[in-house]
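# A structural walkthrough
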Amino acid sequence: MGIYMKTVKLSEGLSLSAVVQGFWRLEDWKWTSKELAQFMNACIDRGITSFDTAEIYSSTLCERLMGDAFSEDASIRGKIQLISKTGIFQEKVNGETFGYYNTSYERVMQSCKESLQRLRTDYLDLYLIHREDPCFDPWETARALKDLKKEGLVKEVGVSNFDPFKFDALNQAMDGELVTNQIEWNPVCFEHFNSGMMDYLTVRHIHPMIWSPLAGGRLFKKEDPLCCHAMEKINEIAERHNEKPETIIYAWLMYHPAGAAPISGSNKLERLDLAIKALDVKLEHYEWYEIYTASGQQILR
Ligand SMILES: NC(=O)c1ccc[n+]([C@@H]2O[C@H](COP(=O)([O-])OP(=O)(O)OC[C@H]3O[C@@H](n4cnc5c(N)ncnc54)[C@H](OP(=O)(O)O)[C@@H]3O)[C@@H](O)[C@H]2O)c1
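Only a predicted model underlies this, so the values are computations on that prediction, with no experimental measurement involved.

Calculation notes
- Residues numbered from 1 in each chain as written.
- Predicted model: local features only at pLDDT ≥ 70, side-chain atom pairs only at ≥ 80, totals over all residues.
- Heavy atoms only, no water.
- Axes fitted to C-alpha atoms, helices over the stretch in contact; angles between N-to-C directions.
- Helix = DSSP H or I, 4+ residues; strand = E, 2+ residues; numbered from the N terminus.
- Parallel < 35°, antiparallel > 145°, perpendicular 65-115°, else oblique.
- Contact = heavy atoms within 4.5 Å.
- Nonpolar A, V, L, I, M, F, W, Y, C, P; charged D, E, K, R; others polar.
- Near = heavy atom within 4 Å.
- Polar contact = N/O pair within 3.5 Å; in protein donor to acceptor, adjacent residues only side chain to side chain.
- Areas by Shrake-Rupley, 256 points an atom, 1.4 Å probe, with all protein chains shown as cover.
- Core = buried A, V, L, I, M, F, W, Y, C linked by side-chain atoms within 4.5 Å.
- Buried < 20%, exposed > 50% of the residue type's maximum accessible area, 1.4 Å probe, protein only.
- Disulfide = S-S within 2.5 Å.
- Pairing = 2+ DSSP bridges.
- Phe/Tyr/Trp six-rings, centres within 6.5 Å; stacked < 30°, edge-to-face > 60°.
- Lys NZ or Arg CZ within 6 Å of the ring centre and 35° of its normal.
- Expected span 1.5 Å × (residues − 1).
- Salt bridge = Lys/Arg side-chain N within 4 Å of Asp/Glu carboxyl O.

Two numbers describe how helix H9 (residues 225-241) lies on helix H10 (residues 245-255): the axes approach to 8 Å, and their chain directions differ by 95°. With respect to their mutual orientation, H9 and H10 come out roughly perpendicular. In this structure, H9 contributes Met231, Ile234, Asn235, Ile237, Ala238 and His241 to the contact, and H10 contributes Pro245, Ile248 and Ile249. Looking at the contact of H9 with H10 residue by residue, the class counts come to 7 nonpolar, 2 polar and no charged.

Structure follows, in structure tokens:
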């Protein structure tokens, strides 16, 4: 019997599992291809079928390691939605590594083909422009993304970390085909509430993907006063619901009408299970605002 997992529908052709698994930290996990393939299969067994990576993660090593796991177990690729990103580049300039952006037609086309080679796959389910590029020609980037779609190398395209102006610029040039904006949001990060991005996406039924839902683990470290304030309230709510604080945070992210798909970055299945558990938790409406204001950064007027 197949497992039931709630999904987030990004387009007619693409739905993501309600929780996405991220692989940014994969290099640190020091796993063999076999161990990585086992972890991927354990995610799939739980219904977590959407996997997030990027060209720039560990300077392309992350994609390469994932590709090795896909060749270790050839059944995995057909069961998942594979997401990668382009646009951030590192190059030796005068002997020093220089990081910059390149969203030109040639670079996006080449970058995608290189990602496919490393990932040992024929297509990506979703391809994102990783960050805002200040020297950005939306028409040129859109031409590349449209050609990649036409060639069947990517199924859908979107962006990451874009503000409403940049999103509008590229989406206009794309004739409205962008399907998501992958953004940071957690109990100590509200950039996209303050920029209006959350409203921009919600009114257009464009579902965001959420990175660092647990603030990259900082929430639990008791170092940052913002995190300590936020966790005091989150722990209180967790006790009320008889759940772990991680579950409450995921429930809070998924409560919002934007219909967000959070990306879990842990390599521990028990922590992924805490995220999945959130699908069964119903917060009280007032509890959403308790967490929204808990760190002290956001106020209700
Ligand atoms: N688009 C972008 O610009 C962008 C930027 C960053 C990330 N991302 C994507 O988003 C994904 C998730 O980001 P993230 O890794 O920062 O997510 P996250 O889930 O907020 O953080 C994961 C980190 O938190 C630690 N952690 C989780 N629960 C913990 C607990 N109870 N106590 C202590 N530490 C805990 C994990 O350690 P363990 O592994 O030991 O559990 C891991 O190091 C990435 O993999 C990547 O795919 C995208």
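Moving on from the coordinates now.
Residues in contact with the ligand amount to 27 residues; listed here are only the nearest, Asp52, Ser212, Ser266, Lys268 and Arg271. Between the ligand and Leu214, the relevant distance is 2.8 Å, taken from an oxygen atom to a main-chain nitrogen or oxygen of the residue. Within the contact set of the ligand, an oxygen atom lies 2.6 Å away from a side-chain nitrogen or oxygen of Arg271. Across the complex, the protein chains shield 88% of the 920 Å² of accessible surface that the ligand would expose by itself.

In this section: the nonpolar core. In this structure, Phe23, Met66 and Leu170 are the most contacted members of the largest nonpolar core, which totals 88 residues. At 7 residues, the largest contribution of residues to this core is made by H10. Beyond its immediate chain neighbours, meaning those up to four positions away, Phe23 contacts Trp29, Leu36, Phe39, Met40, Phe51, Asp52, Cys62 and Met66. In terms of nonpolar packing, the next biggest core, distinct from the first, is built from 12 residues, Leu10, Leu14, Val20 and Ile83 among them.

Our focus in this paragraph is the state of the cysteines. Taken as a whole and judged by the stated rule, the model has 0 disulfides. The thiol sulfur of Cys112 is not disulfide-bonded, and the nearest other cysteine sulfur, from Cys62, lies at 16 Å.

Taken together, 8 strands build a closed barrel; the order of strands is S3-S4-S5-S8-S9-S10-S11-S12 and the barrel is parallel. Strand-to-strand, the axes of this sheet are offset by a mean angle of 30°, without reference to chain direction. Pairing geometry for strand S5 (residues 81-86) and strand S8 (residues 124-129), over 4 bridges, is parallel. The partner of Ile83 across the bridge, within S8, is Leu126.

Turning our attention to the packing of aromatic side chains. Under the defined criterion, the tally for this structure stands at 20 aromatic pairs. An angle of 20° between the planes, with centres 5.2 Å apart, marks the rings of Trp288 and Tyr292 as stacked. On the criterion of helical spacing, the pair formed by Trp288 and Tyr292 is a turn pair, its members being 4 residues apart in helix H12 (residues 285-294). Neither Trp288 nor Tyr292 differs from the other in exposure class; each is buried. Aromatic rings pair up to connect Trp185, Phe190, Phe193, Trp252, Trp288, Tyr289 and Tyr292 into one cluster. The side chain of Arg143 reaches across the aromatic face of Tyr105, ending 4.0 Å from its centre. Against the face of Tyr200 rests Arg204, its NZ or CZ located 3.6 Å from the ring centre.

Next up on the list: helix H5 (residues 138-150). Helix length check: H5, at 13 residues, gives a terminal C-alpha distance of 18 Å against a target of 18 Å (1.5 Å per residue), a fit within 8%. Considered for burial, the residues of H5 that qualify are Pro138, Thr141, Ala142, Ala144, Leu145, Asp147 and Leu148. Its buried side turned inward, H5 meets helix H4 (105-119), S8, strand S9 (154-160) and helix H6 (164-173). Measuring from the side-chain oxygen of the N-cap residue of H5 to the backbone nitrogen of Trp139 gives 2.9 Å; that N-cap residue is Asp137. Gly152 sits one or two residues past H5 and shows a positive phi near 75°.

The next point concerns the pairing of strand S7 (residues 96-101). Note that strand S6 (residues 88-93) and S7 share 6 bridges and pair antiparallel. Bridge pairing in S7 links Lys92 to Thr97. Taking the residues that link successive antiparallel strands as the turn, the S6-S7 hairpin has 2 residues, and the phi of Asn94 there is positive, at about 50°.

Here we come to the pattern of salt bridges. Using the criterion set out here, one finds 21 salt bridges in the structure. A salt bridge links Glu156 to Lys149; the nearest nitrogen and oxygen atoms lie 3.6 Å apart. For Glu156, a relative accessible area of 13% corresponds to the buried category. For Lys149, a relative accessible area of 23% corresponds to the partly exposed category. Note that Glu177 and Lys149 form a salt bridge whose closest N and O atoms lie 2.7 Å from each other. Taken together, the residues Glu177 in the loop between H6 and strand S10 (181-184) and Lys149 in helix H5 connect sequence positions 28 residues apart.

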